[in-house]
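As a plain string of letters, each chain reads:
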Amino acid sequence: VVYYNSLKLSIGAFKTPHLIANDKIKIFPKEIIAYQNDDHYAISQDLIVNGRKSFVAKDALPGFAVRVAKGQLNIYCKKFFNGNAGVNEYFIQSGEDGPILAYTPDLMKAYLKDNYEATVLFEKNKSDITEKIKDVADLFNATQLVSKN
């Protein structure tokens, strides 16, 4: 782990996406497996067990998935190009050491099975997939904290 005073994402039409640390050090995607800046925490797609390879860059380095929910249930989002447009792909991780797996409704249900409130929200929530997954993970993580104290 290396700490910097600043870490900024640098992307553009005619340059290779990279991070700039301390306003002068260039860090390229192949040199790291994760990074944290003021905007988000992101992990390399190399840490994902069964995801599509992606070379799209928008809010993160190419091939990196951004964490959108943190706790006992971590949710990551990565962009990939499906031939027509950039699409979000979601990944789920149970705890900090569990494998990071591609989201499926069945996998989510399996992770939620011991949490009645989160299961009900997952089954009844009809909002778009981004909001649904995030809302369910937030509820799951909040109730896990309450039950541990």
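Structural notes on the overall build of the protein chain
Each helix and strand in the protein chain was counted, giving three helices and nine strands. Sequence-ordered secondary structure for the protein chain, helices as α and strands as β, is β-β-β-β-β-β-β-β-β-α-α-α. Taking the principal axes of the C-alpha coordinates as reference, the protein chain spans close to 50 × 40 × 25 Å. Within the protein chain, contacts between residues separated by at least 24 positions form 37% of all contacts whose residues are at least 6 apart in sequence. Surface summary for the protein chain: the accessible area is close to 9300 Å², and the carbon and sulfur share equals 53%. Positive and negative charge centroids in the protein chain, built from 19 and 17 side chains respectively, lie 4 Å apart.

Structural notes on the pairing of strand β7 (residues 73-81)
On a regular strand, one side chain projects to one face of the sheet and the next to the other, so that they alternate. With seven of nine residues buried, β7 lies mostly within the body of the structure. Where strand β6 (residues 64-69) and β7 come together, three bridges link them in antiparallel fashion. Bridge pairing in β7 places Val 66 opposite Cys 77. What sits between β6 and β7 in their antiparallel hairpin is a turn of three residues, with Gly 71 showing a positive phi close to 150°. Here β7 runs beside strand β8 (residues 86-94); their pairing, made up of nine bridges, is antiparallel. Along β8, the bridge assignment pairs Lys 78 with Glu 89. Here β7 folds back onto β8 in antiparallel fashion, the turn holding four residues, of which Gly 83 has a positive phi close to 105°.

Describing the sheet that holds β7
Taken together, six strands build an open sheet; the order of strands is β4-β5-β6-β7-β8-β9 and the sheet is antiparallel. Each end of this open sheet is capped by a strand with a single partner; those strands are β4 (34-36) and β9 (100-102). With direction set aside, neighbouring strand axes in the sheet form an average angle of 30°. Looking at chain direction, β8 and β9 are connected through three bridges and run antiparallel. Counterpart to Ile 92 in the pairing with β9 is Leu 101. Sitting on the sheet, helix α1 (residues 105-112) touches β7, β8 and β9, and the angle it makes with β8 is about 30°.

Reading the values: rules and limits
Residues numbered from 1 in each chain as written. Predicted model: local features only at pLDDT ≥ 70, side-chain atom pairs only at ≥ 80, totals over all residues. Heavy atoms only, no water. Helix = DSSP H or I, 4+ residues; strand = E, 2+ residues; numbered from the N terminus. Contact = heavy atoms within 4.5 Å. Areas by Shrake-Rupley, 256 points an atom, 1.4 Å probe, with all protein chains shown as cover. Lys, Arg positive; Asp, Glu negative; His and termini not counted. Charge placed at Lys NZ, Arg CZ, Asp CG, Glu CD. Buried < 20%, exposed > 50% of the residue type's maximum accessible area, 1.4 Å probe, protein only. Pairing = 2+ DSSP bridges. Axes fitted to C-alpha atoms, helices over the stretch in contact; angles between N-to-C directions.

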